[in-house]
Structure formats: structure tokens, C-alpha cells
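Structural characterization, general
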Amino acid sequence: MRVAFLGLGIMGRSMAVNLVKAGHEVAVWNRSAGKDVDGARSAAFPADAAQGAEVVWMCLSDTKAVEAVLLGPGGVEQALTAGMTIADSSTISPSATLRFAARVKARGVDYVDAPMTGSKIAAEAGSLIFMVGGDEAALARLQPLFQAMGKQVFHMGETGKGQATKLVMNLQIALIYEGFAEALTLAAKLGVDVEKLLPLVQASMVRSGVVDYKAPFILKRDFSPNFPLRLMLKDIRLALDAARESRVRLPGLEAVEEVYDVAAEEGQQDLDYAATLTLLEKWAGVEVKAVSK
Ligand code: NAP
């Protein structure tokens, strides 16, 4: 298929690489220069990439970025043609998604929100999991592209439901990781060996994929970004906004937002969100490490 891929960040670049590998004809664009993909045409601005494409796929930081790329100067809107499909794998506001979709649908263009789960490693391996909002026919057209980039697609309902679901998913990741990080901090203070604790956690009902993914990085003290803290904070805020709009109280997530706020103020915004552990460690005056080391 002829695909325009917009946004070559941690996730987007690997996704575009996998589209090229699968034999699709890809044009790429990224806001800052110097990012490109072998085998893809590098476009000068979003509408240039979108020119003649059957599908425009976005993977951008936040709602503001999607708005700029779709509707701003040189934006995708200028290259819309009836029958085109826009897919958005960024995590953004569900209500803004409905606004963007209405605007392009008026021009005969389908809009599918397709945020994903699975981090940098899954993006590289082509094993992302997508949660999608949009109509069946549009999803069916995107199937070969989902196959190139991911391993599973969950159709959550009409446009907007993919983004709503993504907020519900990341709310859980943020709370699970906070629980894990607080447990590790108290364990360190009480002298419990983390290397003995981890197999127990994973053998018990506390076990989780978040622990599987993050524990090896924590043991190596590697907080380089797989999922940057600034993006998790953005998702926490999106979930809290959606909760306020729908009159739902989320006291746990509000408390976690405070931890991320302080971590960001302390300059950790570009580290992985796992680095929030170091703030808890600082407050407790301990460092999580194997007792034997
Ligand atoms: P990233 O590495 O920060 O990349 C963000 C991309 O958005 C870059 O291409 C950036 O361009 C572009 N961008 C930012 N602001 C822009 C603007 N105003 N106009 C145009 N382009 C703009 O982020 P990522 O980790 O790839 O994540 C992308 C999206 O996927 C986010 O919504 C994130 O929440 C979601 N997500 C991430 C993960 C993960 O593990 N990383 C997992 C699931 C979902 P520049 O290169 O010019 O900065």
C-alpha cells in the first residue's frame, strides 16, 4: 500500500521500518530534520508525504502535535482525497480525536484511532498490540499494515474508543509500576534483597508484565527511555482530564501524578518513567540493589 508515515520518534521510526520491510511504498516525515528510513521517501512537510497516499499513519507525542500535523501549515488536511484513511497511533485526547475525525470525515476520509501498547522493543520486533476505534471497513483496509507492525488488533468500537481504552491501559501501568517501585523502596529500607524478592513477586498473585519488563532495567540502573517519563505524565493527565469530564474520581492516579510532577521538575522528563523509583529512593535515603552486590 502507499503509506505516509508521520513522526519518527522512539516508536514511529521502527514502525515505519517494518512497513518498508513488508514491501509497502512508504513516504516519511519528521518535524526535526535528520531522521529518515532506508527505502522510504523523505518528505519535506506532512502534506508532501500524504500526497497520493492511501493511508496516512501518525505516531506523534501528543494532542498538540497531531493537531499541528493534521491541520497546521503544510498539514495533511491540504492533501486529503476522498477514500483516504488516516490512522493515529499517538496517545492523545479522545475528545480531540472526535474533533479531528469529524473534520476529515467531512472530506470523505476515514479516521481510525489506533494507539498501541508494547514499548520500544515491541515496535522494533513488529509485535505491538493495537487498540482501535473506527469502522469495520476501514479496519479491514488497514489489516496489512497492522500485520507489518504488530501482533494483535483489538477493535474497541467506534472512533475515539481506541484512545479512551489506551488511557484506561496506561492508568493501570502507572499505578502498577508505582506500587512496584514503592515496594522496592520499602524492601531496600528494610534490608530485603531485591534479587530474592523478584522471583517471589513473579511466583505469587502480585506477578505482572510490568515487573517482567522493568525489573531487568532497574537491576542494571538503566533508566534510558523506552517510554519517556514526560509521555507517561501526559497520559496520566489525559486520563485525569477524561475522568473529570465524566465525573469519575481517581485518587490513586492523582497521587501518582504528583510523583511524576516532582520527577519532571527535577529534570527526569526524558528518562524512562521507571526513573520515578529514584525519587522514592531519594526520599527514603536508600538505593534498590542486590544485597550481595
Ligand atoms: P517520541 O520519541 O518523543 O517521538 C515523538 C514524535 O512526535 C517525534 O517524531 C517528534 O518530532 C514528534 N513531534 C512532537 N511534537 C511535535 C509537533 N508539535 N509537531 C510535529 N511533530 C511533533 O515519542 P514515542 O515514544 O515515539 O511515542 C509516540 C506516541 O506513542 C506518544 O503519544 C506516546 O505516548 C505513544 N506510545 C509510546 C510508547 C513507548 O513506549 N515509547 C508506547 C506506546 C505508545 P521530533 O523528532 O521533531 O521531536
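Above this text sits the structure in question.
What to know about the pairing of strand β1 (residues 2–6)
In terms of burial, β1 is largely enclosed, as four of its five residues are buried. For β1 and strand β2 (residues 25–29), the ladder comprises five bridges, and the chain directions are parallel. The residue of β2 that forms the bridge with R2 is E25. Traced from β1 through helix α1 (residues 12–21) to β2, the parallel crossover comes out right-handed. Examined bridge by bridge, β1 and strand β4 (residues 55–58) share four bridges and lie parallel to one another. Directly across from A4, in β4, lies its bridge partner V56.

Concerning the nonpolar core
Counting residues in hydrophobic clusters, the biggest one holds 37 residues, and the most contacted among them are Y177, F180, L184, I218, I236, Y260 and L277. For this core, the secondary-structure elements that each account for two or more residues are α7 (161–190), α8 (194–203), α9 (209–219), α10 (229–245), α11 (251–265) and α12 (276–284). In terms of residue count, the dominant contributor to this core is α7 (eight residues). Discounting residues that sit within four places of it in the chain, Y177 has contacts with V210, K214, I218, Y260, Y273, A274, T276 and L277. By size, the runner-up hydrophobic cluster in this structure holds 31 residues, among which are M11, A87, A122 and A148.

Structural notes on α12
Of the residues making up α12, those classed as buried are T276, L277, L279, L280 and E281. Summarising the contacts, the buried residues of α12 are in contact with α7, α9, α10 and α11. G285 sits one or two residues past α12 and shows a positive phi near 70 degrees.

Describing the site of the ligand
Lining the immediate environment of the ligand, one finds 28 residues, of which I10, N30, S32, K35 and K234 sit closest. Between the ligand and the protein, one listed contact pairs an oxygen atom with a backbone N or O atom of I10 at 2.8 Å. R31 places a side-chain nitrogen or oxygen 2.9 Å from an oxygen atom of the ligand. Within the complex, 89% of the 910 Å² of free accessible area of the ligand lies under protein.

A short note on the pattern of salt bridges
Inspection of every chain in the model, using the stated rule, returns 15 salt bridges. In this structure, R141 engages D110 in a salt bridge whose closest nitrogen and oxygen atoms are separated by 2.6 Å. One end of the pair, R141, is in helix α6 (residues 136–149); the other, D110, is in strand β6 (residues 110–113), with 31 residues separating them in the sequence. The exposure class assigned to R141 is partly exposed, which follows from its relative accessible area of 35%. R237 is the salt-bridge partner of D261, the closest N and O atoms lying 2.6 Å from each other. In this pair, D261 sits in helix α11 while R237 sits in helix α10, placing the two residues 24 residues apart along the sequence. By relative accessible area, D261 is classed as partly exposed at 24%. Residues joined by salt bridges that share partners form a network here, namely R221, E281 and E287.

Parameters and conventions
Residues numbered from 1 in each chain as written. Predicted model: local features only at pLDDT ≥ 70, side-chain atom pairs only at ≥ 80, totals over all residues. Heavy atoms only, no water. Buried < 20%, exposed > 50% of the residue type's maximum accessible area, 1.4 Å probe, protein only. Helix = DSSP H or I, 4+ residues; strand = E, 2+ residues; numbered from the N terminus. Pairing = 2+ DSSP bridges. Right-handed = clockwise from strand over helix to strand, strands pointing away. Core = buried A, V, L, I, M, F, W, Y, C linked by side-chain atoms within 4.5 Å. Contact = heavy atoms within 4.5 Å. Near = heavy atom within 4 Å. Polar contact = N/O pair within 3.5 Å; in protein donor to acceptor, adjacent residues only side chain to side chain. Areas by Shrake-Rupley, 256 points an atom, 1.4 Å probe, with all protein chains shown as cover. Salt bridge = Lys/Arg side-chain N within 4 Å of Asp/Glu carboxyl O.

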